[in-house]
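Coordinate inspection notes
These are the residues of each chain, in order.
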Amino acid sequence: MKRKIRFIAIVLLTFSCRDKITIENIVDNHRHTHTDLGTPGFPEMPIPVDNETTEEGIALGRKLFYDPILSGNETQSCATCHQQSRAFSDNKRFSVGIDGIAGKLNASAIINPGWQSSAFWNGRANSLEEQAVEPVENPIELHLNWEDAVDRLKRHDDYPGEFQIAFGTTHITKDLVTKALAQFERSLISNQSKFDKFLNGEIELTPLELAGYNLFLSEKAECFHCHVRPLFTDDELHNNGLDINPDKGHFEVSSYVYDKGKFRTPTLRNIEFTAPYMHDGRFETLEDVIDFYSDSIKTSITVDPLMPNDNGGFHWTELEKLQLISFLKTLSDTSFINNPDFSNPFVE
Ligand code: HEC
Ligand code: HEC
């Protein structure tokens, strides 16, 4: 029966449309515009085979990212804690969800997430699609059960049509919502920093910045091993020596004691905009972070072998600290935090 109706609909549409729409298009009725997320100088972005990136999917994901419809009392969206002006993080040590309850972790910045093989500080999600399930139902974040979320979208005036355009079906599911969100996130590419322009030979770094870059690459700091160029993360988990007795981190996922204190290496791109720092937002400024690596690294059984093991640190001079911070600021990409393609589509 359903087939018959679909056949009649196709025939009617075929004859009623003046445009040259092929039958294939009508059966499918979505556009599948392929988006090339290739980025010069970066590795190729791995795209899941079951969620190719399309302009339509990105546009839908962007709306969902900014729409408070995905929160219990319709007051918060993903963008409440992931603000573009802060490179998709927030300025709080611990973000506060719709019920006024703060979590125990600092909101991650979302920068070039398409290259990550896992997500969350402790690496518990294996994809952006998987990650996006959690904030909606998390009682200290958007606090809405998925059934209700999907129900609201189904009853909405616009969303069924937009899912049709993006995915070829008005049958909205949790799976498709997270796919759209992930597509938008993959489009959040930052590669226009001063450092990128320096690599392209467009501009020079100041002597201070250049000295900081050389220090970053040297054994006097060892930063580059984990904050690997060009993404400034190695996509791995490490204990960088924050605590003497670490008890959190990837251990919470694996229950393996040697994973205590291991967290995903965050990118250093746009680090100037994402304070406070570390998984628990313990450092307010970049100066605090540099002071930590210089003089307060803690030794423990899981501390990374690259870290000095004398319960101290790299012991830099004030000038060296200044050089490192100047270099880190060359990773700021103002076009990323101002890119109109990433902004709130409801206020255009
Ligand atoms: C109440 C604040 C809040 C809201 C709302 C929120 N997040 Fe988050 N987000 C966080 C915090 C805090 C973390 C770090 C949590 C952790 O690692 O366990 C995080 C982590 C993430 C990460 C992991 C990034 C990485 O590098 O590992 C992604 C991606 C993300 N959120 C996307 C979203 C999406 C999509 C939504 C909306 C569906 C959303 N967030 C809603 C606070 C929030
Ligand atoms: C052994 C790997 C490793 C090395 C070497 C390393 N880091 Fe890190 N870095 C990490 C990890 C892991 C984190 C996150 C730790 C956490 O939150 O528990 C981090 C966090 C940071 C942060 C905070 C990022 C944020 O978004 O909150 C900054 C800034 C930083 N590192 C800069 C540096 C600098 C500068 C150097 C060189 C002096 C350096 N790192 C060396 C692994 C490393």
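Presented here is a report on the structure given in the accompanying data block. These numbers come from a predicted model, not from an experiment.

For a metal with four tetrahedral donors the ideal donor-metal-donor angle is 109.5 degrees, whereas six octahedral donors ideally subtend 90 or 180 degrees. Coordination of the iron atom of ligand 1 by the protein involves just one donor, H82 (NE2), at a distance of 2.1 Å. One can find H82 in the loop between α4 (78-81) and α5 (128-137).

The nonpolar side chains of a soluble globular protein tend to be buried with one another. In this structure, L64, F65, L70, F163 and V177 are the most contacted members of the largest nonpolar core, which totals 37 residues. Among the secondary structure elements, those contributing two or more residues to this core are α3 (55-66), α4, α5, α6 (146-155), α7 (159-167), α8 (174-186) and α15 (334-338). Once residues within four sequence positions are removed from consideration, V177 is found in contact with L64, L70, W146, L153, F163 and I172. In terms of nonpolar packing, the next biggest core, distinct from the first, is built from 28 residues, Y213, I271, M278 and F314 among them.

One pass over the full model with this rule turns up 21 aromatic pairs. Ring geometry for F65 versus F88: centroids 6.1 Å apart, planes at 75°, classification edge-to-face. Remark: F88 occurs in the loop between α4 and α5 and F65 occurs in helix α3; sequence separation between them is 23 residues. Like F65, the residue F88 is buried in the burial classification. Taken together through their ring pairs, the aromatic side chains of F65, Y66, F88, F184, F336 and F342 make up a single cluster. Sitting above the plane of the Y159 ring, K63 keeps its charged end 4.7 Å from the centroid.

About the thresholds
Residues numbered from 1 in each chain as written. Chains lettered and ligands numbered in written order. Predicted model: local features only at pLDDT ≥ 70, side-chain atom pairs only at ≥ 80, totals over all residues. Heavy atoms only, no water. Donors = N, O, S within 2.8 Å, 3.2 Å for Na, K, Ca; no water. Helix = DSSP H or I, 4+ residues; strand = E, 2+ residues; numbered from the N terminus. Core = buried A, V, L, I, M, F, W, Y, C linked by side-chain atoms within 4.5 Å. Buried < 20%, exposed > 50% of the residue type's maximum accessible area, 1.4 Å probe, protein only. Contact = heavy atoms within 4.5 Å. Phe/Tyr/Trp six-rings, centres within 6.5 Å; stacked < 30°, edge-to-face > 60°. Lys NZ or Arg CZ within 6 Å of the ring centre and 35° of its normal.

Purely spatial values, then, with no claim about function.
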